[in-house]
Structure formats: structure tokens, C-alpha cells
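An overview of the molecular structure
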Amino acid sequence: MPSTPEVSVVVPTFARPALVSRAVRSALAQTVTDIEVIVVVDGPDEDTGKALAEIGDPRLRVVELPGKGGAPNARNTGVREARAPWTALLDDDDEWLPTKLAAQLELARSATVGSPIIASRLINKTPRAEFVMPRRLPEPGEPICEYLTLRRGLFHGDGFIQTSTIMAPTELLRRVPFTVGLRRQQELDWTVRAMSHPDVDLLIAAEPLVLWHQDEDRPRISLSSPWEAQLEWLRGIRPLITPRAYAAITMSIISSMAAPTRSFRVFRLLLAEARRHGRPGLVDYLTFLQIWLLPPQLRHRVRDRILGRGRRGGPASPGRSASTEADAGRRAPGGAATDPAGTAAGTSTGTAGTAGTAGIGADVRR
């Protein structure tokens, strides 16, 4: 292995040896071969160690943490271990297409800022269909926080970013580490904080370069996870986002977590929060009302009927399923592509995760 690889790949994992082996092999199969792959095991895990040892590639390094600290902590540990000028993140249950790093390095050469975040579209693989996300790329001058959170329809957003698509300068990932202890919205939180630096911009490769699997039977964070903690997080980043984005997150993502309480007090609190500190639009109000007034299963049926979602078929194209235009899905952590009904979406490491804003690839597979 060269003394200084071109790209370091960081893969957090715990207790999913078959999945992480698949992810690692997809990284090692990149057309860019001058890489190192750092798997950070989030606590003692003998089975994962054995599975990774069988891969037998000198570019692979395994770092085992003494105890569980969650996905953000594992990612930060991997970034500290990275030796390359670029670090790419890969969740343990996702895969990269072979040209992923090559395409991103090529896009990075067109960057006009010192610390560009290079993301890409992905193929969202579900039991029923395949979607290419995001539906569109950011428009010139569009605030990234609005691109990732505002929606133009009741059942989908247009913007999206997910952990396994992100490649960024190693120095930036050290300067702006992931927030340890944050269970959801990890990508949104990191992207917003990174974008607050004047030398940072977001570039998204137009072609899908990542396979985002959502069809395995794996543990998931409950969609009724404490909404209070997410509201506290949102209040903390309020200076970094626009009023429109603040309203969208409050009325869509946090409301989808809080709606199972069926509490009129919470309903009024979140509505007041969005109006006091945000600037809601008509779609925000309609989204908010359907989240609180329609049972989740009914919302899912209405969404699927409107979007024409069906069984998985042929190849997907940007913003469309194999057979019809689809929503930007949500693995429930973080950005404008999520479904207001709160279906699971997101990044995954088997430890902690993000969840559900309209367009961030967030989590719930923990």
C-alpha cells in the first residue's frame, strides 16, 4: 500500500459481518485503487473481525473500539485514522458502484472552493421499487439547507444527501466532526454545520453511484423516538439555517416523530415553533395537517396510490421508480426527501443513526 493513499474510506459497523463484508468489497473493487479502507467496529465483535480477516486485502484496516459509542463517534474515529487527503464515508449495509470514487474525484477537480463536499445520486433499493435520489440537483444560489428540507409535494422532497454518498477533504471532516450522541439527522446536521464555513460548497454527481439497501431485515430506530431531543437539536442549529428550512423541519420531520403522541398540546407547540422561528409555506401547513390528522397506514396507502408505487421492475432513472415517478423516499434521517408519514429511511451502522428530514439520507436502521 502506498504511504499516502488518494482516498481513505471509513466504514462504521457493529455485529453485521455479512453486510459490512459486502460494503468493504464494494470499496475495494473501485476503479480508483490507491485507497485505504478503515472499518471501525463499534465495540468488541469477534464475528465481524473474523469476516473481515477473510477478505485478505492489505488496503483494509480494522479499528475495534473498546465500547459502543454510536455511529458518529465511530465515523470520527475513522476520520482521525485516515491518511489520505480525501475521506469517503460508507455505511455498512450499503454498496458503491465501481466508478464511485473516480467520478467524485473528477467532480472535485471542478470545485471553486477549498473544501468541497462531493456527494452523488444513489439508487434506493426497496422491496417494491428502485428510486434514483435526489430527484434534482441544487439550483444556482439555492440555500443548501432549503434544498435538503423543503418539499414541493406532500409525499416527497426533491433534495437529498446520504452518508454513503459523501466524500470530503479529510481536514474538513476533522474540523467539523459528526455530532456524537445525535441519533437522527446526522447527515443534515453535519452538512449544515460544514456549509457554514466560507470555504465549503456542496457538489453532487448527477449519476447514481451508491446502492442504498432498504430490504434487509435489520433493527430500526423506533419512529416514535423522543421528538423533544430533535427539537432541541433543531433549535441549536437555527442560526445556521433559513426560516423556510426551520419551518419545514419542524412541520414535517419533527412532527412525524411527535404525531404518535396524539397530543393537542404538542400539536400546538410545534405549530407555534414553526410560525415563531420559521416561515411556513402552504405545503408545510398541508404536510403538518396530514401528519397529525391521518393515521400512518392511511397516509402510506394514499402516498403509494398518488405516486403509483409498485413492485420493483427495470432500471431506474433520476427521480423515478422502475415503473413510475417516485418520492425521494426516506430512510428516515435527514433531508427534503422524506415521506411525512415517517417511514424508515437513512444511514446505517448498526449502532446509531439519523432519521427523517425531507432530503437527508437519514437513518433508522439501528
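About the thresholds
- Residues numbered from 1 in each chain as written.
- Predicted model: local features only at pLDDT ≥ 70, side-chain atom pairs only at ≥ 80, totals over all residues.
- Heavy atoms only, no water.
- Helix = DSSP H or I, 4+ residues; strand = E, 2+ residues; numbered from the N terminus.
- Contact = heavy atoms within 4.5 Å.
- Areas by Shrake-Rupley, 256 points an atom, 1.4 Å probe, with all protein chains shown as cover.
- Core = buried A, V, L, I, M, F, W, Y, C linked by side-chain atoms within 4.5 Å.
- Buried < 20%, exposed > 50% of the residue type's maximum accessible area, 1.4 Å probe, protein only.
- Pairing = 2+ DSSP bridges.
- Right-handed = clockwise from strand over helix to strand, strands pointing away.
- Phe/Tyr/Trp six-rings, centres within 6.5 Å; stacked < 30°, edge-to-face > 60°.
- Arc of directions from axis to C-beta.
- Salt bridge = Lys/Arg side-chain N within 4 Å of Asp/Glu carboxyl O.
- Polar contact = N/O pair within 3.5 Å; in protein donor to acceptor, adjacent residues only side chain to side chain.
- pLDDT = per-residue confidence, 0-100.
- Axes fitted to C-alpha atoms, helices over the stretch in contact; angles between N-to-C directions.
- Parallel < 35°, antiparallel > 145°, perpendicular 65-115°, else oblique.
- Left-handed = near helix turned anticlockwise from the far one by under 90°.
- Nonpolar A, V, L, I, M, F, W, Y, C, P; charged D, E, K, R; others polar.

This part is about the overall build of the protein. Each helix and strand counted, the protein has 12 helices and 11 strands in total. In the protein, the share of contacts with a sequence separation of at least 24, taken over all contacts with a separation of at least 6, comes to 74%. With an accessible surface of roughly 13600 Å², the protein has 55% of that area assigned to carbon and sulfur atoms.

Grouped burial of nonpolar side chains is what soluble globular proteins tend to show. By size, the foremost hydrophobic cluster in this structure holds 47 residues, and its most contacted members are Trp 190, Ile 241, Leu 270 and Trp 292. When near neighbours in sequence (up to four residues on either side) are disregarded, Trp 292 contacts Ser 255, Ala 258, Ala 259, Thr 261, Arg 262, Ser 263, Val 266, Phe 267 and Leu 270. Grouped together as the second largest cluster of nonpolar side chains are 32 residues, Val 9, Val 11, Ile 55 and Phe 160 included.

Residues Trp 86 and Ala 88 of strand β4 (residues 86-89) are buried on one face, and the alternating residues Thr 87 and Leu 89, pointing to the opposite face, are buried as well. When strand β1 (residues 7-13) meets β4, the two strands line up parallel, connected through 4 bridges. Bridging from a neighbouring strand, Val 9 pairs with Ala 88 of β4. Taken together, the 3 bridges between β4 and strand β9 (residues 167-169) define a ladder with antiparallel strand orientation. From the neighbouring strand, Thr 87 faces β9, where its bridge partner is Ala 168.

What follows deals with the environment of Phe 131. With respect to the secondary-structure elements, Phe 131 resides in strand β7 (residues 130-133). Residue class for Phe 131 comes out buried when judged on its relative accessible area of 1%. On a C-alpha basis, the gap between Phe 131 and Trp 212 in space is 9.7 Å, while along the polypeptide they are 81 residues apart.

Most of β1 sits inside the fold, with 7 of its 7 residues counted as buried. Side chains of β1 alternate between two faces, with Val 7, Val 9, Val 11 and Thr 13 and Ser 8, Val 10 and Pro 12 buried alike. Across 7 bridges, β1 lies against strand β2 (residues 35-41) in parallel orientation. Across the sheet, the residue bridging to Pro 12 is Val 40, located in β2. In this fold, β1 hands off to helix α1 (residues 17-28), which returns the chain to β2; that crossover is right-handed.

Once that is clear, we can look at the packing of aromatic side chains. Going through the model one piece at a time under the given rule, you end up with 6 aromatic pairs. Ring centres 5.8 Å apart and planes at 15° place the aromatic pair Phe 264 and Phe 267 in the stacked group. Of this pair, Phe 264 and Phe 267 both sit in helix α10 (residues 264-277), 3 residues apart, roughly one helical turn. Residue classification places Phe 264 among the exposed residues on the basis of a relative accessible area of 56%. Of the residues examined, Phe 267 reaches a relative accessible area of 16% and is grouped as buried.

Another aspect to go through is helix α8 (residues 227-237). Buried within α8 are the following residues: Trp 227, Gln 230, Leu 231, Trp 233, Leu 234 and Ile 237. Mapping the buried residues of α8 onto a view down its axis gives an arc of 160°, with all of them on the same face. Facing away from the buried side of α8 by more than 90 degrees, the exposed set consists of Glu 232 and Gly 236. Where α8 is buried, its residues meet α7 (186-195), α9 (243-258) and α10.

Turning next to the pattern of salt bridges. Between side chains of opposite charge, a pair can form as their charged atoms come close. Under the defined criterion, the tally for this structure stands at 17 salt bridges. Glu 36 is the salt-bridge partner of Arg 83, the closest N and O atoms lying 3.1 Å from each other. In this pair, Arg 83 is assigned in the loop between α3 (71-81) and β4 and Glu 36 in strand β2, connecting sequence segments 47 residues apart. The salt bridge partner of Arg 75 is Asp 91, with a shortest N-O separation of 3.3 Å. Of the two residues, Arg 75 sits in helix α3 while Asp 91 sits in the loop between β4 and β5 (94-96), which places them 16 residues apart along the sequence. Residue class for Arg 75 comes out buried when judged on its relative accessible area of 1%.

The subject of this paragraph is α7. In terms of residue burial, α7 counts as a mostly covered element, since 9 of its 10 residues are buried. Buried within α7 are the following residues: Gln 186, Glu 187, Leu 188, Asp 189, Trp 190, Thr 191, Val 192, Arg 193 and Ala 194.

Counting through the fold element by element, His 213 comes out in strand β10 (residues 200-213). Of the polar contacts made by the side chain of His 213, one reaches the side chain of Glu 95; its length is 2.7 Å.

Attention now goes to the confidence of the model for the protein. The pLDDT averaged across the protein works out to 83; a share of 77% of its residues lies at or above 70. Of the regions scoring below 50 in pLDDT, residues 220-224 engages in 23 contacts with residues more than four places distant in sequence or in other chains. Within the model, pLDDT remains below 50 along residues 310-366, and this stretch shows 315 contacts once partners closer than five positions in the same chain are excluded.

Here we come to the packing of α10 against helix α11 (residues 282-293). For the pair α10 and α11, interaxial distance at closest approach is 12 Å and the crossing angle is 165°. Between α10 and α11, the interaxial angle falls into the category roughly antiparallel. Once α10 is placed against α11, the crossing between them reads as right-handed. Across the interface between the two elements, Val 266, Phe 267, Leu 270, Leu 271 and Arg 275 of α10 pack against Tyr 285, Phe 288, Leu 289 and Trp 292 of α11. Across the contact of α10 with α11, the residue classes tally to 8 nonpolar, no polar and 1 charged.

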